[in-house]
Amino acid sequence: MNAVAPDTPVFLLHLYDRALLNGAALRAVGYTKDTPNPPGGEITRDAAGNPIGLLLAKPNAGILYATLAKGPKLPFEYQVNSTRHFMRELNRLGVTGALDAGGGFQNYPDDYAVIQKLADENLLTIRLAYNLFTQKPKGEKEDFLNWAKTSTYKQGTDYFRHNGAGEMLVFSAADFEDFREPRPEMGPEMEGDLDGVVRILAENRWPWRMHATYDETIARALDVFETVNQDVPLASLNWFFDHAETISEKSIDRIAALGGGIAVQHRMAYQGEYFVERYGLGAAEATPPVKKILEKGVKVSAGTDATRVASYNPWVSLAWLITGKTVGGLRLYPQHNCLDRETALRMWTENVTWFSNEVGKKGRIEAGQFADLIVPDRDFFACPESEIADTTALLTMVAGRVVYGAGEFSSLDEAAPPPAMPDWSPVRRYGGFAAWGIEPGAQAQAQRAVEASCACANDCNVHGHRHATAWSAKLPIADLKSFWGALGCACWAV
């Protein structure tokens, strides 16, 4: 783990099932012996009742959202700096655009001020299309009525613009994706709540995206969509479901009949083992059934669901679609459910444009489309499958501008951000997010220095005092049976 100032709060999120906080973070969010467990969550404690820094989502991620929101907020200039460095990391991986599905405790427009500033100053290095995500249980209809008056669909520019509603439409329809917990059953109020919001969106001709993990949720939502469609046709709205891991063939057909789409993300690449443990390998063979969705002619695209649930790395998603394997190496899908490389790549390029309402504008390298392209560091179509996830970009261009260059293209780079803030930032010290920029020799020397300076009173039964073990692996899979794995060790949490 990269070193940080000792009084700096650190919050590590593990998928949507748990989080790790250091002592400074516990103090910052105010969790003490007297803090009660919130609904749907557990603050793990020692024998004396004191929080030890491990939060468990039981059964949903509300405790994780809420704890993040309690943390200290970076000064605005730090937020601007951090955002530029994160965009740089995305460019390094060849990302030229993203669809922002919103998130818990991300309020519009206040929490979009940083992106707006960067857009106004022409400093964005990826294109962003954002969806408005309601933040008020039982107040969703009011949110969308107000937004329909103050926001216009597609308002903005080709770099930063409004793309509709979601992925949270109503809280009563939001199933969670923690496969360590049983499938949630949506309450009886779901249909009524959803009908009210979807009618507002359809009447205002706003597209929407809706989070849905399980077919049981999707089927009930489709009942609502079909009812609304009888009064307000949904044709040409480009609405879609996100995730859809357990969607049935019947639901796929219903989506096709209504002209909707399905956006799949590589959550199973990280949670596949948990899904298999609960439901069995047979049930996991098509989660989601991407091949079947394509055969049915439904619009389908790929994504990551980053940054809270999975990695933002598109190449990990591509490797998952092609190999059918988790990052831990478990084969989830038989070969007939896997995609060929061209189909998988089109899901990440050409297919996405329907979901961002930019068909004909981007997604292909041809005259008349945006000059957004990358040069990967290896031949995607010829390299071994085992190397796909390690791909990065040698060159990334957005609107004809070189926003990232490495190796022989480094002299063309026009968008390197200023040094990371604050001065002690690990991103500054190690050359980028996840220490990708550190030289191998220097990396080993830094790892030895951290191990030598360990001040823990006790070691742990996973790593001893070797806190920097994670630096030797690109993916957090060193210990699949333990939460800590390559993420760190128990002695660090004390």
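Each chain has its residues counted from 1, running along the sequence as written. Local features in this predicted model are restricted to residues of pLDDT 70 or higher, and side-chain atom pairs are both shown and tallied only at a pLDDT of 80 or more, whereas totals for entire chains, interfaces and linings draw on every residue. Calculated side-chain values reflect all of the structure's heavy atoms, with hydrogen atoms and water omitted.

Chemist: How should I be thinking about the environment of Arg-205 in this particular structure?
Modeler: By the criteria applied, helices consist of DSSP H or I runs no shorter than four residues and strands consist of E runs no shorter than two, each listed in order from the N terminus. Within the secondary structure, Arg-205 sits in the loop between helix 6 (190-203) and strand 8 (209-212). Note: C-alpha distance between Arg-205 and Gly-164 (41 residues apart in sequence) is 9.0 Å. Not counting residues up to four positions away in its chain, the partners in contact with Arg-205 are Tyr-153, Val-232, Pro-233, Leu-234, Ala-235, Ser-236 and Leu-237. Within the local environment of Arg-205, its side chain forms a polar contact with the backbone oxygen of Pro-233, the two atoms lying 2.9 Å apart. In protein, a polar contact means a hydrogen-donor-capable atom and an acceptor-capable atom, both N or O and within 3.5 Å, with residues adjacent in sequence counting only if both atoms are side-chain atoms; elsewhere, any N or O pair within 3.5 Å suffices. In terms of polar contacts, Arg-205 uses its side chain to reach the backbone carbonyl oxygen of Ala-235, at 3.0 Å. The contact definition used throughout considers only heavy atoms, calling two residues in contact when any of these lie within 4.5 Å.

Chemist: I would appreciate a short explanation of the nonpolar core in the present structure.
Modeler: Here is a general trend for soluble globular proteins: nonpolar side chains tend to be buried in one another's company. In plain words, nonpolar cores are sets of buried Ala, Val, Leu, Ile, Met, Phe, Trp, Tyr and Cys residues tied together by side-chain atoms within 4.5 Å. Per-residue accessibility, obtained with a 1.4 Å probe over protein chains only, is compared with the maximum for each type, and a residue is labelled buried under 20%, exposed over 50%, and partly exposed between these values. Among the nonpolar cores identified, the biggest contains 89 residues, and Leu-169, Leu-194, Trp-208, Met-210, Phe-225, Trp-239 and Phe-241 are the most heavily contacted of them. Residues in contact with Met-210, not counting those within four places in the same chain, are Glu-167, Leu-169, Ala-173, Met-190, Leu-194, Thr-217, Ala-221, Phe-225, Phe-240, Phe-241 and Asp-242. Counting 14 residues, the second largest nonpolar core, distinct from the first, contains Tyr-16, Leu-21, Ala-61 and Val-309.

Chemist: I'm lost on the confidence of the model for the chain in this one. Help?
Modeler: A low pLDDT score tells you not to read the predicted coordinates there in detail. pLDDT measures how confident the predictor is about each residue, on a scale from 0 to 100. The predicted model of the chain has a mean per-residue pLDDT of 88, with 87% of residues at 70 or higher. Segment residues 465-494 is flagged for pLDDT under 50; beyond a separation of four residues in sequence, or across chains, it makes 71 contacts in the model.

Chemist: So what exactly am I meant to see when it comes to the pattern of salt bridges here?
Modeler: One side chain can pair with another of opposite charge once the charged atoms of both are near each other. Salt-bridge detection follows one rule: a side-chain nitrogen of Lys or Arg within 4 Å of a carboxyl oxygen of Asp or Glu. The tally for this structure, following the rule as stated, stands at 35 salt bridges. A single network of salt bridges, built from pairs that share partners, joins Arg-183, Glu-185, Glu-191, Glu-216 and Arg-220.

Chemist: What should I look at first to understand the side chain of Asn-357 in this one?
Modeler: Take Asn-357: it is sitting in the loop between helix 13 (352-355) and strand 12 (373-376). Take Asn-357: its relative accessible area is 18%, and that puts it in the buried class. In contact with Asn-357, not counting residues within four places along its chain, are Tyr-153, Lys-154, Arg-161, Asn-163, Pro-207 and Asn-238.

Chemist: Any chance you could explain the sheet that holds strand 5 (residues 97-100) here in plain terms?
Modeler: As a general point, the strands of a sheet are linked pairwise by backbone hydrogen bonds and lie either parallel or antiparallel. Spatially, the three strands line up as an open sheet ordered 5-6-7, and their pairing is parallel. Of all the strands in the sheet, the pair left with one neighbour each is strand 5 and strand 7 (160-165). Looking at each pair of strands side by side, their axes are set apart by 20° on average, direction ignored. Here, a strand pair is defined by DSSP locating no fewer than two bridges between the strands. Helix axes are fitted only over the stretch in contact, all axes being lines through C-alpha atoms; the angle between N-to-C directions runs from 0 to 180 degrees.

Chemist: Can you walk me through the pairing of strand 9 (residues 240-243) in this structure?
Modeler: Residues in a regular strand project their side chains so that they alternate between the two faces of the sheet. Note: strand 8 against strand 9, four bridges, orientation parallel. Bridging across to strand 9, His-211 finds its partner in Asp-242. Crossover handedness is defined by viewing with both strands directed away from the observer: a clockwise path from the first strand over the helix to the second marks the crossover as right-handed. With helix 7 (residues 215-231) bridging strand 8 and its parallel neighbour strand 9, the resulting β-α-β unit is right-handed. Pairing of strand 9 with strand 10 (residues 261-265) involves three bridges; the strand directions are parallel. Residue pairing across strands places Phe-240 opposite Gly-261, the latter belonging to strand 10.

Chemist: Quick question: what am I supposed to make of unusual backbone geometry here?
Modeler: Excluding glycine, most residues fall at negative phi; most peptide bonds, likewise, are trans. Looking along the chain, the bond that leaves Lys-58 and enters Pro-59 is cis, with omega of 10°. Here Pro-59 lies in the loop between strand 4 (51-57) and helix 2 (62-70). Going from Tyr-108 to Pro-109, the amide bond is cis rather than trans, its omega being 5°. Tracing the backbone through its elements, the reader meets Pro-109 in the loop between strand 5 and helix 4 (113-120). Within the chain, His-243 stands out as a residue other than glycine whose phi angle is a positive 85°. Looking at where His-243 falls in the secondary structure, it is placed in strand 9. Classification of His-243 by relative accessible area gives buried; the value is 1%. Positive phi is not limited to glycine here, since Ala-399 has a value of about 55°. Position of Ala-399 relative to the elements: it lies in the loop between strand 13 (393-398) and strand 14 (401-405). Of the residues examined, Ala-399 reaches a relative accessible area of 44% and is grouped as partly exposed.

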